[in-house]
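# Fold and geometry: a report
Chain by chain, the residues run as shown.
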Amino acid sequence: GGLPPSSWLPAWPSPAWGASLADSFLQGLVGACAVAVLCSLVRLHLYLQCANDPERQAEKEAVRGQWALLDQLHVCVLTGLLMVVGARVAALVVLEFSLRAASTLLSLPKGRHSGQLLVLCQFSLGCGVSCSLSYLQEGAPHGTGSLLLSAGLAGLLTRYVWRLSRHVFALYELHCREGYCGACLFLLATWRGIPQLLGNALKVAFLVADLTAVALINRDFLTTAEAIRFWTPLTICYTLLVIYMQEEQRQNPSQQMIYQTVFVRMGGLLILLMTVGRWMDILNILVSLVGEIWCLVRAGATLEICRKQVRKRRRSGREGAQPGQWVPRPFC
């Protein structure tokens, strides 16, 4: 008698497991490409803004001096992180950022865009795209094929934006003087509208992500009482976090404060999920913390330029503009 030796060996992964892994990879890749396009267009706008201001040549060189190879590394790292983060934690990250973004936008003067918000939303945008695709493609008969098509289109768009950025960084000033490059001349006439374009695109992306995030979280509850027991502390936690972070950033808008805010946000979600979540959710929160820190480190130069613009705007606001003086519209 006895069991055959083959019974001691682990079973081979099923085809369904491989398909799920491939779907998670493709969802993460599309989310990472969305983040890459956002970052490239924000840097492109900052470069054009500095190139048209003779007093900001040092900032222009700081934007142009970032290595192109890091963009590809950024996509690879984000793809891996978004692939690991579960849909439940990704949905919570999206909802937390949406509440924070809505509060920030309501506190801004009419017609002004928050450049820092465009930079700080990177990982939340990736989570939103990946969890939206996860929900929308769930149960689709050709879900993997649709994700392959989405990833291919996202990759082409990312590659085009990268090529445009490299072209502008190298030849924009020359082509504008000579007047023979259609892309550079088009950007010369329309670069001021890039923040509004990005803002409208992000509003649509996060609207879809918020709806799918609520649906993803609610499907885990069997009764209304369970849902209320989860959403009540979640809403209180998010509200207190937003109030605390906005007050702290208003008093001390430094780089250290930005990192501290990330730890406070993720710490709040960690404590919440320790009471009403699962153990896998806690591990995914730690992965989300790594993703947030990675995005902040990658966008360090861009955030520094945004902070300089905020400080400059505050000084000019206190001193007041001279009558008849033109004041450029800030990005941040």
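Residues numbered from 1 in each chain as written. Predicted model: local features only at pLDDT ≥ 70, side-chain atom pairs only at ≥ 80, totals over all residues. Heavy atoms only, no water.

In this section: the overall build of the protein. Broken down by element type, the protein carries 13 helices and zero strands. Across the protein, helices and strands are ordered from the amino to the carboxyl terminus as α-α-α-α-α-α-α-α-α-α-α-α-α. Here the protein, with 332 residues, has 44% of them falling under the buried criterion. Counting contacts in the protein only where the partners sit at least 6 residues apart, residues at least 24 apart contribute 80% of the total. (Helix = DSSP H or I, 4+ residues; strand = E, 2+ residues; numbered from the N terminus. Buried < 20%, exposed > 50% of the residue type's maximum accessible area, 1.4 Å probe, protein only. Contact = heavy atoms within 4.5 Å.)

Our focus in this paragraph is the pattern of salt bridges. Enumeration over the complete set of coordinates arrives at ten salt bridges. Across the pair arginine 219 and glutamate 138 runs a salt bridge, and its minimum N-O distance is 2.5 Å. A residue pair is termed long-range when its members are at least 10 positions apart, and arginine 219 in the loop between α9 (194-218) and α10 (224-251) and glutamate 138 in the loop between α6 (122-136) and α7 (143-178) qualify at 81 residues. The class of arginine 219 is partly exposed, set by a relative accessible area of 45%. Here glutamate 138 falls in the partly exposed class, since its relative accessible area comes to 48%. Within the structure, one salt-bridge network assembled from shared partners comprises Lys60, Glu61, Arg64 and Glu173. (Salt bridge = Lys/Arg side-chain N within 4 Å of Asp/Glu carboxyl O.)

So, about the nonpolar core. Core analysis: the biggest nonpolar cluster contains 82 residues, and Leu44, Tyr47, Leu48, Phe123 and Val168 have the highest contact counts within it. If near-sequence neighbours (up to four positions away) are discounted, leucine 48 is found in contact with Val168, Tyr172, Leu187, Trp191 and Ile194. (Core = buried A, V, L, I, M, F, W, Y, C linked by side-chain atoms within 4.5 Å.)

On the surface, Trp67, Leu69, Leu70 and Leu73 cluster together into a nonpolar patch covering about 450 Å² of accessible area. Checked against the element boundaries, leucine 70 lands in helix α3 (residues 68-84). (Patch = residues over 30% accessible without salt bridge, like charges linked within 9 Å, V, L, I, M, F, W, Y side chains within 5 Å. Areas by Shrake-Rupley, 256 points an atom, 1.4 Å probe, with all protein chains shown as cover.)

Moving on, we get to the packing of helix α4 (residues 87-107) against α6. Viewed as axis vectors pointing N to C, α4 and α6 meet at an angle of 130 degrees, and their least axial separation amounts to 8 Å. With respect to α6, the axis of α4 lies oblique. Crossing angle aside, the handedness with which α4 passes α6 is left-handed. Side by side, α4 and α6 meet where Ala87, Ala90, Val93, Val94 and Phe97 of the first sit next to Ser124, Cys127, Gly128, Cys131 and Ser134 of the second. (Axes fitted to C-alpha atoms, helices over the stretch in contact; angles between N-to-C directions. Parallel < 35°, antiparallel > 145°, perpendicular 65-115°, else oblique. Left-handed = near helix turned anticlockwise from the far one by under 90°.)

Here isoleucine 305 shows up in helix α13 (residues 300-319). Considered as a pair, isoleucine 305 and lysine 60 are 245 residues apart in the sequence and their alpha carbons are 9.5 Å apart.

A word on the side chain of aspartate 71. Its location among the elements puts aspartate 71 in helix α3. Among the polar contacts made by the side chain of aspartate 71, one reaches the side chain of arginine 298 at a distance of 2.5 Å. Discounting residues that sit within four places of it in the chain, aspartate 71 has contacts with Arg43, Trp162 and Arg298. (Polar contact = N/O pair within 3.5 Å; in protein donor to acceptor, adjacent residues only side chain to side chain.)

All right, on to the confidence of the model for the protein then. On average, residues of the protein score 80 in pLDDT, and 82% of them are at 70 or above. Across residues 6-14 the pLDDT falls below 50, and counting only partners more than four positions away or on other chains, this stretch makes one contact in the model. (pLDDT = per-residue confidence, 0-100.)

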